[in-house]
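Topology and contacts: notes
Take a look at the letters that make up each chain.
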Amino acid sequence: MRRVLALAALIVAGPAWAERFQVGSSREHERPSAVATLAQDGDVVEIDAGEYVGDVAVWHQNRLTLRGTGGRAHLKAAGHSAQGKAIWVIKGRGTTVERIEFSGAEVPDGNGAGIRAEGPDLVLRDCYFHDNQNGILGGAGNVLIENSEFARNGSGDGYTHNIYILDHAERFTLRYSYSHHAKVGHNLKSRARENYIQYNRIMDEADGTSSYTIDLPNGGLAYLVGNLIQQGPRTENPVIVSYGAEGLKTPHNALYLVNNTLVNDSDRGVFLRVVEGATRALAVNNLFVGPGQAMNGNVESRNNLSVSDAKLADRVHYDYRLVAGSPAINAGVDPGKADGTSLTPTDQYVHPRQHAPRRPVGAPDVGAYEFDGGARP
């Protein structure tokens, strides 16, 4: 009957009718897994805020929306996993996940994840992944993550990470998000063919033990624009941003590092390391703060600033906004375009997990922030 009604709606009014499922302790369906076999393509699953302990699921449907309501719905693995992989295994195309918290994913092979992303074109918004072996693992087609947090993921073996996007992904976009305190692995690792990493806060802070802060091991086309990137004193590897360390795997391998603020709180380090053979590596308008080598490899450097004291608002507490007298103010240049894409930053990160327009006055400032006279952006 449902399919007949959907077909009638399509004929009369256009798109097929989507069913809305409500999940929660007071609902007909008390747990998300109860809906995983009922929902069909295009449906919406709304999950009441609260804890769902040991509830795991595989989602096969296409164009599915899974969202928390009244706050985040918290899925705690508690020793359970779907297909021995994750709290949620997402196999369908075009899935959107909003306001869901994932924690405690652990499986015998060491690759347990909050989400194992196997279907193409996944969107995550306002999600929180913490204390899993991997936060998110996988990816295919286009993957978009925004306004989300990843914390303390990793099993301590160096092979598990806060964010780990695999090479089935054509394009990966991370923006307005906060990734921090990965356990020995990386705060961000992506093998996608294209990477757009924009306006994020990616850090070890005081006690994180990540290796690379950002690792793009197979190169590809990468735009890192307007990010706050920090290496802490307990890092497992002194390189902060690494490009191509495991071999360049695509015909076009170009890195554009533009208007980022990179801070090294270790006593040594390399802010950017690029493997030989990249089509192009351009670094422009970046602010490098702290000890270490700014760039290692064949990098075209324009208008970058390396200083021990950049006059940041509160470096100890990771507030990297500029204050009066900073050498970064009005020290930038127009970064131009590359591969048909404008390199000019349009936004700046606002903690936690938000953003605001970037409004230059006069010459652009170096780094991830425009000086605003002291007002919070």
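Structural data are supplied above this passage.
Summary of the structure given here. (Residues numbered from 1 in each chain as written. Predicted model: local features only at pLDDT ≥ 70, side-chain atom pairs only at ≥ 80, totals over all residues. Heavy atoms only, no water.)

In this section: the nonpolar core. General note: in soluble globular proteins, nonpolar side chains tend to be found buried as a group. Counting residues in hydrophobic clusters, the biggest one holds 69 residues, and the most contacted among them are Trp 88, Val 97 and Ile 115. Per-element accounting of this core gives the leading share, 5 residues, to strand 5 (residues 86–90). Among all residues touching Val 97, those that are not within four sequence positions of it are Leu 66, Trp 88, Ile 90, Phe 102, Ile 115, Leu 122, Val 123, Leu 124, Arg 125 and Cys 127. Listed in part, the 18 residues of the second largest apolar core include Leu 305, Tyr 318, Leu 322 and Tyr 369. (Core = buried A, V, L, I, M, F, W, Y, C linked by side-chain atoms within 4.5 Å. Buried < 20%, exposed > 50% of the residue type's maximum accessible area, 1.4 Å probe, protein only. Helix = DSSP H or I, 4+ residues; strand = E, 2+ residues; numbered from the N terminus. Contact = heavy atoms within 4.5 Å.)

Okay, the packing of aromatic side chains next. Scanning the entire structure with this criterion turns up 8 aromatic pairs. Residues Trp 59 and Trp 88 carry aromatic rings whose centres are separated by 5.5 Å and whose planes lie at 75° to one another, so their mutual orientation is edge-to-face. Taken together, the residues Trp 59 in strand 3 (residues 57–59) and Trp 88 in strand 5 connect sequence positions 29 residues apart. Between Phe 129 and Phe 150, the aromatic rings sit 4.9 Å apart at their centres with planes inclined by 5°, giving stacked as the arrangement. Of this pair, Phe 129 sits in strand 10 (residues 128–130) while Phe 150 sits in strand 13 (residues 149–151); the two residues are 21 residues apart in sequence, bridging distant segments of the chain. (Phe/Tyr/Trp six-rings, centres within 6.5 Å; stacked < 30°, edge-to-face > 60°.)

With respect to the secondary-structure elements, Ser 266 resides in the loop between strand 25 (261–264) and strand 26 (270–274). Residue class for Ser 266 comes out buried when judged on its relative accessible area of 10%. Residues within four places of Ser 266 in sequence aside, it is in contact with Gln 231, Gly 232, Pro 233, Thr 235 and Pro 291.

So, on to the side chain of Asn 304. Along the chain, Asn 304 turns up in the loop between strand 30 (300–302) and strand 31 (305–307). Here Asn 285 takes part through its backbone nitrogen, which lies 3.4 Å from a polar atom of the side chain of Asn 304. If sequence neighbours within four positions are ignored, Asn 304 has contacts with Ala 283, Val 284, Asn 285, Asn 286, Phe 288 and Met 295. (Polar contact = N/O pair within 3.5 Å; in protein donor to acceptor, adjacent residues only side chain to side chain.)

Here the focus is the sheet that holds strand 26. Spatial ordering of the open sheet is given by 3-5-8-11-14-17-20-23-26-29, a layout of 10 strands whose pairing is parallel. Each edge of the sheet is formed by a strand with only one pairing partner; in this case those strands are strand 3 and strand 29 (293–296). For this sheet the average axis-to-axis angle between neighbouring strands, irrespective of direction, equals 10°. (Pairing = 2+ DSSP bridges. Axes fitted to C-alpha atoms, helices over the stretch in contact; angles between N-to-C directions.)

In this model, His 351 is joined to Pro 352 through a cis peptide bond whose omega is 0°. Looking at the element boundaries, Pro 352 is found in the loop between strand 36 (347–350) and strand 37 (354–357). Positive phi, normally seen in glycine, also occurs at Arg 99, with a value near 55°. Assignment of secondary structure puts Arg 99 in the loop between strand 6 (96–98) and strand 7 (100–103).

Here we come to the pairing of strand 15 (residues 169–175). Looking along a regular strand, one sees side chains alternate from face to face of the sheet. Pairing geometry for strand 12 (residues 141–146) and strand 15, over 6 bridges, is parallel. Bridge pairing in strand 15 links Val 143 to Phe 172.

The next point concerns the pattern of salt bridges. Throughout the structure, instances matching the rule amount to 25 salt bridges. Note that Glu 300 is salt-bridged to Arg 280, the shortest N-O span being 3.2 Å. Highlighted residues: Glu 300 in strand 30 and Arg 280 in strand 27 (residues 280–284), separated in sequence by 20 residues. Residue class for Glu 300 comes out partly exposed when judged on its relative accessible area of 35%. (Salt bridge = Lys/Arg side-chain N within 4 Å of Asp/Glu carboxyl O.)

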